[in-house]
Amino acid sequence: MAVTAVDAAQAVEAVFRIESAKIIAGVTRIVRDVGIAEEIAQDALVTALEQWPESGVPDRPGAWLMATAKHRAIDLVRRKETYARKLAEVGRTLEDEPPPAEPAEPDDIDDDLLRLIFTACHPVLATEARIALTLRLVGGLTTQEIARAFLASESTVAQRIVRAKRTLAKAGVPFEVPYGADRDARLSSVLEVIYLVFNEGYSATYGDDLVRPALCEDALRLARVLAAHMPEEGEVHGLAALLEFQASRTAARTGPDGEPVLLADQNRARWNRLLIARGVRAMNRAGSGPYSLQAAIAGCHAAVVRYEDTDWARIATLYGRLAQLTPSPVVELNRAVAVSMADGPAAALPLVDALAEEPALSAYHLLPSVRGDLLERLGRPREARAEFERAASLTRNEQERTLLLRRAARL
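Quick caveat, the model's predicted, so the values are computed rather than measured.

1. Regarding the confidence of the model for the protein
1) Next: On average, the protein scores 85 in pLDDT, and the residues at 70 or more come to 89%.
2) Next: Below pLDDT 50 for its whole length, residues 96-108 participates in 18 contacts with residues either more than four positions away or in separate chains.

Dropping the structure here:
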């Protein structure tokens, strides 16, 4: 049944957000070029926008987009082949048979999304370019969202992505999950990408929804796959534990209308105990790196059934250790929050004020939000209100903005 152009566009956007990474990964297996694969995926999106208003939204819209993109990829491969015999062979293989099996190796990981991540995290790219490209291809994040994750400008991120795709194409990087030392060399970038994809799903940069569950689920699945195939890597288990703990709170983080529910006000009976148990098991195999430390912090919250019983002193100590491993103004801000809960707001306010001149936090809405909370607890409502209003002006998420303005109005 035909639908309106507006309804079709909304359906296409929603489905593409969820399925784009799988489509790009599936097409990359055929064309062996992530830049071309992304363009073909976008072509499939345009085709859906043209056809769905007349034909109606398919029963399986994700499969429709995948099939459309793969047919375009096959056509492209055919056009580029120069010999008729090779043309027939490629066309027959792609249309009538499953893709050729990857080389049989004891530690082979047969997962197209992980192949896409490891390809985009090739050492031929600079670290920042690897992460930006993978967030774009795997997370489906916009340039604006990636810029927020990097605390960088949108133009800088856009240039990184364009150059990264060109570099991969020029180098002829294979579409694979590598083995041995090559896999180890890319692992830190892969873990960071999975972490950032989860974060964007856990707290969306902009839009009407605080949480984007599909991104959280993809990141959590990829972390579990890696942990299963790399049992000796402590940081892989640390990341898996962190994501399990964080994901366990998802149902309690929003109210009936999608509004944010602060940690202190969450109904912990709604926390997913199965995910917490999985997090504890992963934590038992974790190491002592940054993700393992963050998992230990998340585990402190998961371990208690009442907010009042939280061991804030231990959390502050763990944040201090994390700051030594990976110095960051965001880590320092989180440490200040823990100090405020352990030792009072007066002890934490100087720590927050010291971050006011950090260029990376100039547009970070959580800095004035934390400062507003401290000032409110110190009995300085007029200053607190100004901080909440400033934080509301900086966030691009409607639910967060509403919460911050509500807190300002209350003062």
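We are not done yet, so read on.
2. A look at the side chain of Arg-130
1) Next: One can find Arg-130 in helix 6 (residues 127-137).
2) Next: Sequence-distant contacts of Arg-130, defined by excluding residues within four places in its chain, comprise Ala-120, Cys-121, His-122, Pro-123, Leu-125, Ala-185, Ser-189 and Val-193.

3. With respect to the packing of helix 10 (residues 213-229) against helix 11 (residues 234-247)
1) Next: The contact between helix 10 and helix 11 brings their axes to 9 Å, and the two run at 150°. As for how helix 10 packs across helix 11, the hand of that crossing is left-handed. On the side of helix 10, the interface is formed by Ala-219, Leu-220, Ala-223, Arg-224, Leu-226 and Ala-227, while helix 11 contributes Val-236, His-237, Ala-240, Leu-243, Glu-244 and Ala-247.

4. Describing the packing of aromatic side chains
1) Next: Evaluation of the coordinates by the stated rule reveals four aromatic pairs.
2) Next: Both rings, one in Trp-52 and one in Trp-64, keep their centres 5.3 Å apart while their planes meet at 70°; by these two values the pair is edge-to-face. Note that Trp-52 is positioned in helix 2 (residues 34-55) and Trp-64 in helix 3 (residues 61-80), a separation of twelve residues in sequence.
3) Next: Pairing Tyr-307 with Trp-312 gives two aromatic rings, centres 5.9 Å apart and planes at 65°, and the pair type is edge-to-face.
4) Next: Its end group placed over the ring of Tyr-202, Arg-253 keeps NZ or CZ at 3.8 Å from the ring centre.

Rules behind the numbers
- Residues numbered from 1 in each chain as written.
- Predicted model: local features only at pLDDT ≥ 70, side-chain atom pairs only at ≥ 80, totals over all residues.
- Heavy atoms only, no water.
- pLDDT = per-residue confidence, 0-100.
- Contact = heavy atoms within 4.5 Å.
- Helix = DSSP H or I, 4+ residues; strand = E, 2+ residues; numbered from the N terminus.
- Axes fitted to C-alpha atoms, helices over the stretch in contact; angles between N-to-C directions.
- Left-handed = near helix turned anticlockwise from the far one by under 90°.
- Phe/Tyr/Trp six-rings, centres within 6.5 Å; stacked < 30°, edge-to-face > 60°.
- Lys NZ or Arg CZ within 6 Å of the ring centre and 35° of its normal.

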